[in-house]
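What the coordinates show
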Amino acid sequence: MQRLEHMQHLDKHLVDELAQVTRETVRDELREQARGQRRKAALYGASGAVALYAGAAVALAVGLALALVLPDWAAALITAVILGALAYALRNAARPSPAPGQVPAPGQVPAPGQVPAPGQQDAERGRTGGVAPPVPSMPPATGAVPPRPDDPAPGAPGPDAPGPRA
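Note that the coordinates shown come from a computational prediction; the quantities given were computed from them, not determined experimentally.

Section: the overall build of the protein
- Looking only at helices and strands, one finds 2 helices and 2 strands in the protein.
- Taken from N to C terminus, the helices and strands of the protein fall in the order α-α-β-β.
- Across the 166 residues of the protein, 5% fall into the buried class.
- Long-range contacts, defined as pairs at least 24 residues apart, comprise 3% of the intrachain contacts of the protein with a sequence gap of at least 6.
- A total of about 14900 Å² of accessible surface is found on the protein, and carbon and sulfur atoms cover 66% of it.

Re the UniProt feature "transmembrane region" (unreviewed entry) in the protein
- UniProt's feature table lists "transmembrane region" (unreviewed entry) at residues 41-67 and 73-90, given in the numbering used throughout.
- End C-alpha atoms of residues 41-67 are separated by 39 Å, and the span's content is 100% helix alongside 0% strand.

Section: the pattern of salt bridges
- Here the structure, examined in full by the defined rule, presents 2 salt bridges.
- Across the pair R31 and D28 runs a salt bridge whose closest N-O atoms are separated by 3.5 Å. Taken together, the residues span about one helical turn, with R31 and D28 both in helix α1 (residues 2-67) at a distance of 3 residues.
- Classification of R31 by relative accessible area gives partly exposed; the value is 44%.
- One salt bridge connects R35 with E32, and the closest N-O pair in it is separated by 2.9 Å. Of the two residues, R35 and E32 are both situated in helix α1; the distance of 3 residues between them amounts to about one turn of the helix.

Quick word on the side chain of T79
- Position of T79 relative to the elements: it lies in helix α2 (residues 72-94).
- When residues no more than four places from it in sequence are discounted, the contact partners of T79 are A59, V62, G63 and L66.

So, a nonpolar patch on the surface
- On the surface, a cluster of nonpolar side chains totalling about 640 Å² of accessible area is made up of V58, V62, L68, V69, L70, I78 and I82.
- Looking at the nonpolar patch, the elements with two or more residues in it are α1 and α2.
- Inspection of the secondary structure assignment puts V58 in helix α1.
- On the basis of relative accessibility, which here comes to 53%, the residue V58 falls in the exposed class.

Re the environment of I82
- Residue position: I82 is located in helix α2.
- In sequence terms I82 and A59 are 23 residues apart; their C-alpha atoms lie 9.1 Å from each other.

Looking at α2
- If you check α2, its first and last C-alpha atoms are 33 Å apart, about what 23 residues at 1.5 Å a residue would give, namely 33 Å.
- Listed as buried for α2 are A74, A75 and T79.

Analysis parameters
- Residues numbered from 1 in each chain as written.
- Predicted model: local features only at pLDDT ≥ 70, side-chain atom pairs only at ≥ 80, totals over all residues.
- Heavy atoms only, no water.
- Helix = DSSP H or I, 4+ residues; strand = E, 2+ residues; numbered from the N terminus.
- Buried < 20%, exposed > 50% of the residue type's maximum accessible area, 1.4 Å probe, protein only.
- Contact = heavy atoms within 4.5 Å.
- Areas by Shrake-Rupley, 256 points an atom, 1.4 Å probe, with all protein chains shown as cover.
- UniProt positions renumbered as here; feature names shortened; annotations may be inferred.
- Salt bridge = Lys/Arg side-chain N within 4 Å of Asp/Glu carboxyl O.
- Patch = residues over 30% accessible without salt bridge, like charges linked within 9 Å, V, L, I, M, F, W, Y side chains within 5 Å.
- Expected span 1.5 Å × (residues − 1).

Okay, structure coming up:
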């Protein structure tokens, strides 16, 4: 019996040691991967900042070139319109386009040439694109409620009544 307890103790010690080595190995591996990811993220951030300044320099050059033949305010305005159109085109290119025949998600403006779904908000006009329900010309009359078309007439056997089935 004592030999069995001794083996269990050795097994437990071995499992604990193996778990500790595995934890240290995984921790070192993750630390190394995180170091590479941080470096990559910093380089991407620096690249974006430099690209922003390069774009600003191009916009300034376009504005100064236009200022040679136009008043300064007109050159700045034209440059702003060009940058706005470029930003709009890039935004539209970044949006996922719905598959042909697919209805756009609520709040999403349909692509040019696509018919909006009934009741979908028309963002440009601020109204719904669906058909409005009919409005009665006079208030409803008080009194008896007309029967629904699927209700049986009074005294007639209902659908659950026993009898011949068609």
